[in-house]
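The lines below spell out each chain.
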Amino acid sequence: AGGTKGLRTNGDKDLLYRAFYNILTNSIQAMENGGVIILSGKILATENGRFVELGFADTGPGFPEDRERMLDPFVTTKDGGTGLGLPIVNSIITSHGGTMSLEDAPGGGALVRVFLPGS
C-alpha cells in the first residue's frame, strides 16, 4: 500500500493550459538573450488538505520590487504589453481554488509558484 497519486488536480484543462502557457511565454520573453526555465512540481500535505505546487523559474531579470502589483490589471514592464497576462493567470488559478505567488528565483530571475488543490 502507500504510494502517491501523482501531481493531479481537478479543473478545466483549457483554462489551466492557458495559465501555464502564459507563465512560460512571460519567462521566454523576459530572457531576450536566451536562458533556462526550470519547471518543478510536488505534493504538499497541509492542515487544509493536499495541494499540488508547480514552480516556473527562469534566469531572466526577475520581477520588479513591487512584484505584487504585477497581478493588478494593466500593470506591465513590457513595451507594448497589456498588463493582463498575469491577472488572467491569477484569475484562472483562484477560480480553481488555488493561489499563486511571484518570487525571486534562487540565483536570480523570476519564480512563479502555483498551488492547486490536489485530487
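Please refer to the structure placed before this passage.
Residues numbered from 1 in each chain as written. Predicted model: local features only at pLDDT ≥ 70, side-chain atom pairs only at ≥ 80, totals over all residues. Heavy atoms only, no water.

A. Representation of the sheet that holds strand 1 (residues 37–46). With respect to topology, 4 strands assemble into an open sheet ordered 1-2-4-3, the strand pairing being antiparallel. At either end of the open sheet lies a strand with only one pairing partner, and these are strand 1 and strand 3 (99–104). Sheet twist, expressed as the mean angle between neighbouring strand axes with direction ignored, is 20°. Packed onto the sheet, helix 2 (residues 85–95) meets strand 3 and strand 4 (110–117) and runs at close to 140° relative to strand 3. (Pairing = 2+ DSSP bridges. Helix = DSSP H or I, 4+ residues; strand = E, 2+ residues; numbered from the N terminus. Axes fitted to C-alpha atoms, helices over the stretch in contact; angles between N-to-C directions. Contact = heavy atoms within 4.5 Å.)

B. Geometry of helix 1 (residues 13–30). The end-to-end C-alpha distance of helix 1 is 26 Å, a good match for the 26 Å that 18 residues give at a rise of 1.5 Å each. For helix 1, the full list of buried residues reads L16, A19, F20, I23 and S27. Viewed along the axis of helix 1, the buried residues span an arc of 85°, placing them on a single side of the element. Within helix 1, the exposed residues directed more than 90 degrees away from the buried face are D14, Y17, R18, Y21 and I28. (Expected span 1.5 Å × (residues − 1). Buried < 20%, exposed > 50% of the residue type's maximum accessible area, 1.4 Å probe, protein only. Arc of directions from axis to C-beta.)

C. Spotlight on the side chain of D58. When you line up the elements, D58 lands in strand 2 (residues 49–58). Reaching out from D58, the side chain makes a polar contact with the side chain of S27 at a distance of 2.9 Å. Looking at D58, its side chain comes within polar contact range of the main-chain nitrogen of G60, at 2.9 Å. (Polar contact = N/O pair within 3.5 Å; in protein donor to acceptor, adjacent residues only side chain to side chain.)

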